[in-house]
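Here is how the chains run, residue by residue.
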Amino acid sequence: MIYGRVLLVDDDYNFRRSLSLLLKSVNLDVYEARNGKEAVEKLCENQDFDLIITDFRMEKVDGVELLKFVKINFPHIPVILITAYGTVGSAVEAMKAGAFDYIEKPFEFAEFKIKVRQAIDYGRIKSTQKKEEISTDFIGSGLWAEKVRDTIRKFGNSDVPIFITGETGTGKSHLAEVIHRSSKRKSGPFVVANCASIPENLCEVEFLGYSKGSFTGASSEKEGLIKAASGGTLFLDEIGEMPHNMQAKLLDVLERKKIRKVGALKEVEVDVRFIAATNCNIDKALEEGRLRKDLYYRLSTVHIHIPPLRERSEDIPIFLNYFLEKFKSKYSKEYIRGYAANVWECLLLYDYPGNIRELSNIVAYATLHCEGEFINFEDLPEYLTQAIGRSSLINPRVDRKLLVNLSEKNLIVETLKNSYTLQEAASKLNMSRVTLWRKLKAYGIQPESLLKSRNKDGEFTSSS
């Protein structure tokens, strides 16, 4: 059984052939390249390598240059460097550039074989972690999104309450979860309490819990939502719909960090971070008394407002691409390459009164309905095609030509930020690497500063 695929790069034919035979003898599938340039070509043709073993000194493209290319474009593939010119300086250079290991000629194959196995196993573990990791990126571009990310960096890891406002469907709950996953509480629970869906007569027992025998039917203890979120985050969605008596009790919890279950004699301490959200007009809610001013001021230490999608048109292409990739995978529709050009332009210009939630539903419907390579008008929901046909719900503030021209650049930048290699980004964008390189040059985009990479501990991080 083949244990792994190895790309062996060395300009010394005899050494390369000898080492290739030895590696094949321990169940490795070996591919050879005479120099770094040839290795790059083989990598672009076939990325399915478990390990690259390369000589340090070669003409045209040396081992360190090849290593740097691999780290940018194929960071999941570990690299072992070999050299007959072993110096402390070259070893440090190799390890700084991201080499898995470094070995000098001549070497014992028994020792080298162990390093090879370790490198392949390491690469597979990291590749699995990459696939399983949960993204904590808040999707969006422009100044407002940068401010949100800056706020998360500054306050995400603290325990101060955060208040999020925005229309229905703008992504308030997603942002709350991003903040939780970006904090020191990320290993704790993230509990969602939809205040609008909890009946007023059950609100107190839902949030605080109750003791056994505290009322008829209370045959056992019940833990409330606040206690359930201990050590983590409690997200209070639609806080403006919470009854006044419960708002007073919540204010007390925020100030004293203690709760008393319904029917209990003793209080217990709770360690909870609160994030609240509402889609209502805050000034109006405070003026009408639907939301207590003292509770609002206590919850809004940090206030984040998410603008509606119609006011951030530059994000529409990012979401269209993001949700298409998501639903293609979910519904086994990998053959879909993208949107037909006329559909793409109309989707860019649509007003999305239901915001991101509506956009997501449209793409989900279209993906399920589509049977060809591109999503066409007949794949869109009927209400949408009728609205487009009447030219209603088309954003009048948008310069059509400007948006279409800018959308591709924004889409490429955001895709790079959420990719580990140029090949991965090209695949997400449904274009070849050559086309992507041409567009990067045309737009003046520097991919190295955007692609995700490894930090000093070997974990994947974002370069942006």
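Just so you know, these numbers come straight off a predicted model, no measurement behind them.

Chemist: Can you walk me through the overall build of the chain in this structure?
Modeler: Summing up its helical and strand segments, the chain has 19 helices and 18 strands in all. Within the chain, buried positions represent 49% of all 464 residues. If you take every contact in the chain between residues at least 6 apart in sequence, the share linking residues at least 24 apart comes to 70%. Here the chain has roughly 22900 Å² of accessible surface; of this, 50% comes from carbon and sulfur atoms.

Chemist: Please clarify how the pairing of strand β3 (residues 51–55) should be interpreted in this entry.
Modeler: On a regular strand, each side chain points to the face opposite its neighbour's, so the side chains alternate between the two faces of the sheet. Taken across its 5 residues, β3 has 5 buried, putting it largely inside the fold. Here β3 shows a buried face lined by Leu51, Ile53 and Asp55 and a second buried face lined by Ile52 and Thr54. Bridging between strand β1 (residues 4–9) and β3 involves 4 bridges; their strand directions are parallel. Considered in β3, the bridge of Leu8 is made with Ile53.

Chemist: Teacher, can you tell me more about the packing of aromatic side chains here?
Modeler: Centre distance and the angle of the planes are the two values used to describe a pair of aromatic rings. Following the criterion strictly, the structure yields 15 aromatic pairs and no others. Residues Phe327 and Tyr331 carry aromatic rings whose centres are separated by 5.8 Å and whose planes lie at 10° to one another, so their mutual orientation is stacked. Relative accessible area serves as the criterion here: at 26%, Tyr331 is assigned to the partly exposed category. The structure contains a cluster of three or more aromatic residues connected by ring pairs, namely Phe319, Tyr322, Phe323, Phe327 and Tyr331. In this structure, Arg5 packs its charged tip against the face of Phe49, placed 5.5 Å from the ring centre.

Chemist: Sorry, what's going on with the pattern of salt bridges here?
Modeler: Where side chains of opposite charge bring their charged atoms close, a pairing between them can arise. In total, this model carries 23 salt bridges according to the counting rule given. Here Glu288 makes a salt bridge to Arg290, at a shortest N to O gap of 2.9 Å. The exposure class of Glu288 is partly exposed, given its relative accessible area of 46%. On the basis of relative accessible area, Arg290 is assigned to the partly exposed category, the value being 31%. Here the residues in one salt-bridge network are Asp159, Lys184, Arg185 and Asp271, joined through shared partners.

Chemist: Would you mind showing me how to read the packing of helix α13 (residues 316–330) against helix α14 (residues 341–349) here?
Modeler: Each pair of packed helices gets described by two things: the angle between the helix axes and the distance between those axes. Contact geometry for α13 and α14: axes closest at 9 Å, N-to-C directions at 125°. The angle between the axes of α13 and α14 places the two elements in the oblique class. In this structure, the crossing between α13 and α14 has a hand that is right-handed. Of α14, the residues touching α13 (which contributes Ile316, Pro317 and Leu320) are Trp344, Leu347 and Leu348.

Calculation rules
Residues numbered from 1 in each chain as written. Predicted model: local features only at pLDDT ≥ 70, side-chain atom pairs only at ≥ 80, totals over all residues. Heavy atoms only, no water. Helix = DSSP H or I, 4+ residues; strand = E, 2+ residues; numbered from the N terminus. Buried < 20%, exposed > 50% of the residue type's maximum accessible area, 1.4 Å probe, protein only. Contact = heavy atoms within 4.5 Å. Areas by Shrake-Rupley, 256 points an atom, 1.4 Å probe, with all protein chains shown as cover. Pairing = 2+ DSSP bridges. Phe/Tyr/Trp six-rings, centres within 6.5 Å; stacked < 30°, edge-to-face > 60°. Lys NZ or Arg CZ within 6 Å of the ring centre and 35° of its normal. Salt bridge = Lys/Arg side-chain N within 4 Å of Asp/Glu carboxyl O. Axes fitted to C-alpha atoms, helices over the stretch in contact; angles between N-to-C directions. Parallel < 35°, antiparallel > 145°, perpendicular 65-115°, else oblique. Left-handed = near helix turned anticlockwise from the far one by under 90°.

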